[in-house]
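Structural features, examined
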There are 2 protein chains.
Amino acid sequence: MSRLTSLRSLTSSARSRSGLLVPSHVKNALARQTQARFNSSVTRDPMTGELTSLPDIEVSRLQVIQTDKPQPPPDPSSLVFGHTFTDHMLAIPWAAASGWGAPQIKPYGPLVLDPSATVFHYAQELFEGLKAYRDANGKITMFRPDMNMKRMNRTAQRIALPTFNGNAVIELMKQLIRIDKHWIPDKEGYSLYIRPTFIGTQAALGIAPPSEALLFVICSPVGPYYPQGFKPVALYGTTEYSRAAPGGIGAYKLGANYAPGVMVQKEAAKKGYVQNLWLHGPEHHITEVGTMNAFVVFKHPDGVTELVTPPLDGMILPGVTRDSVLALARDHASGKALIDGMPEGKLVINERPVTMKEVIDASKQGQLVEFFGTGTAAVISPVDRIGYLGQDLHIPVGPDGMGPVSRPIWKQLVGIQTGKIAHPWSVLVD
Amino acid sequence: MSRLTSLRSLTSSARSRSGLLVPSHVKNALARQTQARFNSSVTRDPMTGELTSLPDIEVSRLQVIQTDKPQPPPDPSSLVFGHTFTDHMLAIPWAAASGWGAPQIKPYGPLVLDPSATVFHYAQELFEGLKAYRDANGKITMFRPDMNMKRMNRTAQRIALPTFNGNAVIELMKQLIRIDKHWIPDKEGYSLYIRPTFIGTQAALGIAPPSEALLFVICSPVGPYYPQGFKPVALYGTTEYSRAAPGGIGAYKLGANYAPGVMVQKEAAKKGYVQNLWLHGPEHHITEVGTMNAFVVFKHPDGVTELVTPPLDGMILPGVTRDSVLALARDHASGKALIDGMPEGKLVINERPVTMKEVIDASKQGQLVEFFGTGTAAVISPVDRIGYLGQDLHIPVGPDGMGPVSRPIWKQLVGIQTGKIAHPWSVLVD
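Residues numbered from 1 in each chain as written. Chains lettered and ligands numbered in written order. Predicted model: local features only at pLDDT ≥ 70, side-chain atom pairs only at ≥ 80, totals over all residues. Heavy atoms only, no water.

1. Re the side chain of Asn153 of chain A
All names here are of chain A. Put simply, the rule reads: Only DSSP runs of H or I with at least four residues qualify as helices, and only runs of E with at least two residues qualify as strands; both kinds are numbered from the N terminus onward. Only protein chains enter the accessibility calculation, which uses a 1.4 Å probe. A residue is then buried if its area is under 20% of the maximum for its type, exposed if over 50%, and partly exposed in between. We call two residues contacting when some pair of their heavy atoms lies within 4.5 Å.
Here Asn153 lies in helix α4 (residues 145–158). Overall, Asn153 belongs to the buried group, its relative accessible area being 14%. For Asn153, the residues in contact, after removing those within four places along its chain, are Thr163, Phe164 and Gly166.

This is the structure in structure tokens:
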């Protein structure tokens, strides 16, 4: 959007702010909401960590301002990730003096911020990413939004932004999705990508906890990550740059973790690889795959299949897909909930450090079964090649681009996400 | 500024955009500018690093839109750092397709950005800080702006933002300062803090080099950091958190380096310290003092005075004040330019690693002379206490709050900055 277009949209959205138009289906939803119990809970002072009596986010205070210029959702096949947004957005202001303000669902439109606002200078910003799905019967669900809200609160604390009632934001996101539900493409593999974002908006250059902040949520209809079936990616093993370090911010979904990776990814691309693999320390520990968590599968001489991912040691983002893959695999291994199509024999699941040397040695001995990344956008992203210290390590993939462990886990996970397999992780929206 | 105020300011600034009012003193300055030689130099593609034929920043394309609502500068004694801004700002848009656009000096007012803009999500942002001074005769100077422009370009490359002609931005900043020069408080120790900022503005959620960006400069009149004379600070030696790591971004003036430090500083404050001292690795190497570079002075048994600062190993911000302190001290030590009041005897200057153990051992043996931080805001900030692993290390300071090496260097440096001592670092503005 050009800046001129933004100015025009602002004018129209400012105009529509004068009227408070709440359509009947939203009124009904609001009534249901108010019946449910929402704590008007207290919040914490970001400077002292002390409890304050200032208001938390409250669903009952929601104001809905419908756009007077609804757009037609585009042809799904034309979608590019994160370029198209729905008609409305959710915005919840916070101020140190008054706590959380009234949530607003309003026409999607530009933010108007002083050029001295904290977010422009000191990366006082964090985000989340999750998806809503529509099944064949029109039922709409979100996948594990509680995990995103917990992480968002943890991340906020790390940069001295205030915490909030995550359940209230889940309810508000449900409202937003209900209003814009016709934007979820009615097509297999498509979904609505939801982007909660939290920024410091104080208009002053001091480096301090901001006295004003804004939590907003925007939604973007997205297509399948691999529209023509899985396409394994080649990774460049990055040893020149580091994504995270002990005592740093690698375990938090902060904006600050992302811009520094762009140039590193571009360098990998110039060398002919699709993404980079972040290798940490002198032993080149495997940490993350670009912006995804990393998984390796070994088949040990005793016949045991081992699914490994690096531990949450402070340098690894606690991914929701990571957690889901681990949980499904553990339930299978323990016999609690078997996954169709998993390899025969004993499966063990370990969160433990893994080095490039171990992966290369396993490959030489024919014990490397697969390597993949996990994340909200791609769900599972198989890897078929790693460029490391001038040599290419080739990793087996099946004819469908996947491996024997990731394939059944992916099928199970996507089944749950899209509502085909009933599971408590799938949260009903509408 | 509240969001409502912002909306109002936007309306007024949008209105004044319709007219192009160039006052005569600016016209004259522009004429001088055009006579000077400015390369219409090429720029580099941030994705490939290749030279492109797209336009660089060109001073001759400057448009000046004067505010129709000039504000009276406030009473200097009421100034709080970074809360007050002058009447105008400089803005230079960039787009991947068309290169750098025409620079604009326009009324200070809000940025209007799509909520999906890269800067809100991935910390695609960087900044600089420098000062302009007015001397007793009304002469206005900037201090070493070339250093800031070089660092700004280096930092831009690190996050895949485009580079630019730094000399052109220096000339444009001079224009901005000339227009708002009555905002520089006419009072000893006061100056105009200049904040060049560079943000990714592309309206899309993909993690990639942005296709649009905005470089802007805002100015804030500021008072002396220590209005009642030097007040030494107490530091908390932070071992739980890390500011930077090898292969990371510590050497770049990225927004991403700042938000994560706010909570760490607040924890130090809760423990009774003013700032934190970042200690790196198992040996607790001294790296930085909050957002300042760190200096230690030892007096060795052989009578040699040693001024030490950690080396630019990729984890240390290459501070302009750091560089200036080193250069002045080296010129003194070599006899090239003596500094009045420096201690007698041999002085050596070293950029080398220094650990807390070395500082503590020196203190025990009476060899620790002083410890201070350097930065644009405070220039030199003496330290009188470091809390480290549960114990307080006391550091000598003189009755004026300073030490025997920092005192004469500070005097020399401030003399150059304020134009009292003629020096090529001081760049004439008006």
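2. Some details on helix α8 (residues 356–364) of chain A
Residue and element names in this part refer to chain A. The following threshold applies: The arc refers to the directions leading from the helix axis to the C-beta atoms.
All buried positions along α8 are accounted for by Met356, Val359 and Ala362. Down the axis of α8, the buried side of the element spans an arc of 130°, and every buried residue falls inside it. Relative to its buried face, α8 has exposed residues pointing more than 90 degrees away, namely Lys357 and Lys364. Considering only its buried residues, α8 is in contact with β14 (275–280), β15 (285–289), β16 (292–299), β19 (368–375), β20 (379–388) and β21 (391–394). Just past α8, the residue Gly366 takes up positive phi, approximately 70°.

3. Points about the interface of chain A and chain B
Basically, it comes down to this: The buried area of a pairing is the accessible area, by a 1.4 Å probe, that goes missing from both parts when the two are put together, added over both. A pair is scored as a salt bridge if a Lys or Arg side-chain nitrogen falls within 4 Å of a carboxyl oxygen belonging to Asp or Glu. Whenever two N or O atoms come within 3.5 Å, that pair is a polar contact, provided that in protein one can donate a hydrogen and the other can accept it, and provided that, for residues adjacent in sequence, both atoms are side-chain atoms. Charged residues are taken to be Asp, Glu, Lys and Arg, nonpolar residues to be Ala, Val, Leu, Ile, Met, Phe, Trp, Tyr, Cys and Pro, and polar residues to be all remaining types, Gly included.
Between chain A and chain B, the residue contacts involve 71 residues of the former and 70 residues of the latter. Around 6,100 Å² of area is buried between chain A and chain B when both sides are counted, 63% of it from carbon and sulfur atoms. Taken together, the connections running from chain A to chain B amount to 0 salt bridges. Our count for the chain A to chain B interface comes out at 22 residue pairs in polar contact (both at pLDDT 80 or more). Residue assignment for the side of chain A that touches chain B shows that the elements contributing at least two residues are α1 (3–16), β7 (111–113), α3 (118–121), β8 (125–127), α4, β11 (191–200), β12 (212–222) and α6 (259–270) of chain A. Top contributing element to the side of chain A that touches chain B by residue count: α6 of chain A, with 7 residues. Here the residues of the side of chain A that touches chain B are counted per class, giving 42 nonpolar, 18 polar and 11 charged.

4. A word on α4 of chain A
Residue and element names in this part refer to chain A. Heads up, the rule is: Take the number of residues in a helix, subtract one, and multiply by 1.5 Å to get its expected span.
Relative to the 20 Å expected for 14 residues at 1.5 Å per residue, α4 spans 20 Å between its end C-alpha atoms, a close match to the ideal helical length. For α4, the tally of buried residues reaches 10 of 14 residues, placing the bulk of the element in the interior. Those residues of α4 that sit buried are Pro145, Met147, Asn148, Met149, Arg151, Met152, Asn153, Thr155, Ala156 and Arg158. Once α4 finishes, Ala160 follows within two positions and takes phi at roughly 60°, a positive value.

5. Quick notes on the domain arrangement of chain A
Residues and elements named next belong to chain A. For clarity, the cut-off: These domain boundaries are the output of an automatic or database domain assignment.
For chain A, the domain assignment lists domain 1 (3–224) and domain 2 (233–417). On the domain 2 side, the residues contacting the 19 residues of domain 1 number 19 residues. Both faces considered, domain 1 and domain 2 share a buried interface measuring about 1,800 Å² in area, 63% of it formed by carbon and sulfur atoms. Note that Asp323 and Arg144 form a salt bridge whose closest N and O atoms lie 2.9 Å from each other. Connecting domain 1 to domain 2 are 9 residue pairs in polar contact (both at pLDDT 80 or more).

6. Section: the relation of the copies chain A and chain B
Keep this limit in mind: When the copies are overlaid, the least-squares fit takes in C-alpha atoms only where the residue has pLDDT of at least 70 in both copies.
By a simple turn and slide, chain A fits onto chain B: the slide is 0.0 Å along the axis, the RMSD is 0.0 Å, and the turn is 180°. The two molecules are tied by a two-fold rotation axis, judged by turn and shift. A shared binding surface is used by both copies, with 97% of the interface residues of chain A retained as interface residues in chain B.

7. Some remarks on the UniProt feature "modified residue: N6-(pyridoxal phosphate)lysine" (unreviewed entry) in chain A
Residues and elements named next belong to chain A. To be explicit about the condition: UniProt positions are given in the numbering used here, feature names are shortened, and annotations may be inferred rather than shown by experiment.
Here the UniProt-annotated "modified residue: N6-(pyridoxal phosphate)lysine" (unreviewed entry) positions come out as Lys253. When you line up the elements, Lys253 lands in the loop between β13 (233–238) and α6. The exposure class assigned to Lys253 is buried, which follows from its relative accessible area of 10%. When residues no more than four places from it in sequence are discounted, the contact partners of Lys253 are Leu126, Phe127, Glu128, Gly129, Arg151, Thr155, Tyr258 and Leu317.

8. Topic: unusual backbone geometry
Glycine aside, negative phi is the norm for most residues, and most peptide bonds take the trans geometry. Residue and element names in this part refer to chain B. The phi dihedral of Ala160 falls on the positive side, at around 60°, and the residue is not glycine. Look at His284: it is not a glycine, yet its phi comes out positive at around 55°. Within the secondary structure, His284 is located in the loop between β14 (275–280) and β15 (285–289).

9. Topic: the nonpolar core
Nonpolar side chains in soluble globular proteins tend to be buried together. Keep this limit in mind: Put simply, a nonpolar core is a bunch of buried Ala, Val, Leu, Ile, Met, Phe, Trp, Tyr and Cys residues held in one set by side-chain atoms that sit within 4.5 Å of each other.
Core analysis: the largest hydrophobic core is formed by 83 residues, its most contacted members being Met173 and Leu215 of chain A together with Met173 and Leu215 of chain B. If near-sequence neighbours (up to four positions away) are discounted, Leu215 of chain B is found in contact with Ile57, Leu90, Ala91, Ile92, Trp100, Met152, Phe164, Val169, Thr197 and Phe198 of chain B. With 50 residues, the next largest nonpolar core counts Met292, Val308, Val383 and Tyr388 of chain A among its residues.

10. Notes on the packing of aromatic side chains
Worth spelling out the cut-off: Pairing of aromatic rings covers Phe, Tyr and Trp, the last through its six-membered ring, and needs centres within 6.5 Å; plane angles under 30 degrees mean stacked, over 60 mean edge-to-face, and all others mean tilted. Charge-over-ring contacts are defined here by two conditions on Lys NZ or Arg CZ: a distance within 6 Å of the ring centre and an angle within 35 degrees of the ring normal.
Taken as a whole, this structure holds 27 aromatic pairs over all chains when the rule is applied. Judged by centre distance (5.0 Å) and plane angle (70°), the rings of Phe81 of chain B and Tyr193 of chain B are edge-to-face. Within this pair, whereas Phe81 of chain B is found in the loop between β3 (63–64) and β4 (88–95), its partner Tyr193 of chain B is found in strand β11 (residues 191–200), the two being separated by 112 residues in sequence. For Phe81 of chain B, a relative accessible area of 31% puts it in the partly exposed group. Since its relative accessible area comes to 6%, Tyr193 of chain B is described here as buried. Grouping aromatic residues by their ring pairs yields a cluster made of Phe120 and Phe216 of chain A together with Phe120 and Phe216 of chain B. In this structure, Lys271 of chain A is placed above the aromatic ring of Tyr236 of chain A, and the distance from its NZ or CZ to the ring centre is 4.6 Å.

11. Overview of the packing of α4 of chain A against helix α5 (residues 166–179) of chain A
Between two packed helices, both the angle of their axes relative to each other and the distance between the axes serve to describe the pair. All names here are of chain A. The following threshold applies: Lines fitted to C-alpha atoms define the axes, with helix axes restricted to the stretch in contact, and inter-axis angles between N-to-C directions lie between 0 and 180 degrees. Any angle that is under 35 degrees is reported as roughly parallel, and any over 145 degrees as roughly antiparallel; angles of 65 to 115 degrees are reported as roughly perpendicular and all others as oblique. Two helices that cross are described as forming a left-handed crossing if the nearer one is turned anticlockwise from the farther one by less than a right angle, and a right-handed crossing if clockwise.
In the contact formed by α4 and α5, the axes pass within 9 Å of each other and the chain directions differ by 130°. If you check the angle between α4 and α5, you find them oblique. For the crossing formed where α4 meets α5, the hand is right-handed. Of the residues in α5, those in contact with Pro145, Asp146, Met149 and Asn153 of α4 are Gly166, Val169, Ile170 and Met173.

12. Quick word on the environment of Val429 of chain A
All names here are of chain A. Relative to the helices and strands, Val429 is located in the segment after β22 (426–428). Exposure remark for Val429: the relative accessible area of 4% places this residue in the buried category. In contact with Val429, other than residues within four places in its own chain, are Ile140, Thr141, Met142, Lys174, Ile177 and Arg178.

13. Comments concerning the pattern of salt bridges
It is possible for side chains of opposite charge to pair when their charged atoms get near one another. Summed over the entire model, instances satisfying the criterion amount to 32 salt bridges over all chains. A salt bridge links Glu128 of chain B to Arg151 of chain B; the nearest nitrogen and oxygen atoms lie 2.7 Å apart. Of this pair, Glu128 of chain B sits in the loop between β8 (125–127) and β9 (130–134) while Arg151 of chain B sits in helix α4 (residues 145–158), and the two are 23 residues apart along the sequence. Here Glu188 of chain B ties to Lys420 of chain B by a salt bridge, and the two come within 3.0 Å at their closest N and O atoms. Linking Glu188 of chain B in the loop between α5 (166–179) and β11 with Lys420 of chain B in the loop between α9 (406–417) and β22 (426–428), this pair joins segments that are 232 residues apart in sequence. Glu188 of chain B gets classed as exposed once you look at its relative accessible area, which sits at 63%. Lys420 of chain B gets classed as exposed once you look at its relative accessible area, which sits at 60%. Put simply, Arg178, Lys181 and Asp430 of chain A are held in one network by salt bridges that share partners.

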